[in-house]
Amino acid sequence: MKDRILKIMQKEGLTNAEFAEKIGISTSSLSHIFSGRNKPSLEVVMRIHKACPYVNINWLLYGEGEMEESAPAVTGMDLFTQPLENPKNTSDEPDSPDYCKEDEVPKVVYPPKEIIREEVKYIEKPHPKITEIRIFFDNGTYEVFKPEK
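First, a word on what this report is: a plain description of the structure on this page. Just so it is clear, the model here is predicted, and its values are computed rather than measured.

Membership of the largest hydrophobic core comes to 18 residues, with the highest contact counts inside it found for Ile-5, Ile-8, Phe-19, Leu-30, Ile-48 and Leu-60. Secondary-structure elements contributing two or more residues to this core are helix H1 (2-12), helix H2 (16-23), helix H3 (27-35), helix H4 (42-51) and helix H5 (57-62). Apart from residues lying up to four places away in sequence, Phe-19 is in contact with Ile-5, Ile-8, Met-9, Leu-14, Leu-30, Ile-48 and Cys-52.

Here we take up the pattern of salt bridges. Tallied over the entire structure, the rule returns 5 salt bridges. In this structure, the salt-bridge partner of Glu-12 is Lys-22, at a minimum N-O distance of 2.5 Å. Linking Glu-12 in helix H1 with Lys-22 in helix H2, this pair joins segments that are 10 residues apart in sequence. The partly exposed category is assigned to Glu-12, whose relative accessible area is 25%. Here the residues in one salt-bridge network are Glu-132, Arg-134 and Lys-146, joined through shared partners.

Moving on, we get to the environment of Phe-19. By the secondary structure assignment, Phe-19 is in helix H2. For Phe-19, a relative accessible area of 0% translates into the label buried.

Per the counting criterion, the structure on display carries 1 aromatic pair. For the ring pair Phe-136 and Tyr-142, a centre distance of 5.4 Å and an interplane angle of 40 degrees mean the geometry is tilted. Since its relative accessible area comes to 60%, Phe-136 is described here as exposed. Lying across the ring of Tyr-54, Lys-11 places its NZ or CZ 5.5 Å from the centre.

So, how was this worked out
Residues numbered from 1 in each chain as written. Predicted model: local features only at pLDDT ≥ 70, side-chain atom pairs only at ≥ 80, totals over all residues. Heavy atoms only, no water. Core = buried A, V, L, I, M, F, W, Y, C linked by side-chain atoms within 4.5 Å. Buried < 20%, exposed > 50% of the residue type's maximum accessible area, 1.4 Å probe, protein only. Helix = DSSP H or I, 4+ residues; strand = E, 2+ residues; numbered from the N terminus. Contact = heavy atoms within 4.5 Å. Salt bridge = Lys/Arg side-chain N within 4 Å of Asp/Glu carboxyl O. Phe/Tyr/Trp six-rings, centres within 6.5 Å; stacked < 30°, edge-to-face > 60°. Lys NZ or Arg CZ within 6 Å of the ring centre and 35° of its normal.

That is the geometry; function is a separate question.
Below you can see the structure in the form of structure tokens.
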């Protein structure tokens, strides 16, 4: 696949950095693909296809077919010139109910969940008491203070 990505870059006339920027990935990610350290993820493939829509996705993924997709043949009719009527049902007969039936979906009834109560017990612990305080000075000495009982 990395060879096919190189062909796309050559067709576009872009450097590694320019192509990486165009598809929205880091230059190092593209470099890792070319060195064989990483394989292109589906996200990278989709970014390439989005940035270069002329690329045949089957060619990019599998090497099948031609690099460039052939444009679909244009007939004389497009979305804006299609007739407004449904050509399948031009008669005045109503639709047969057999075509409109929906499969009845069985309704699943789940039993209510059992409520579990948990009790939280708080255990009181005595407050900690200060047994010793040490103060360290910048000259390397220190003093110890112990509270009187």
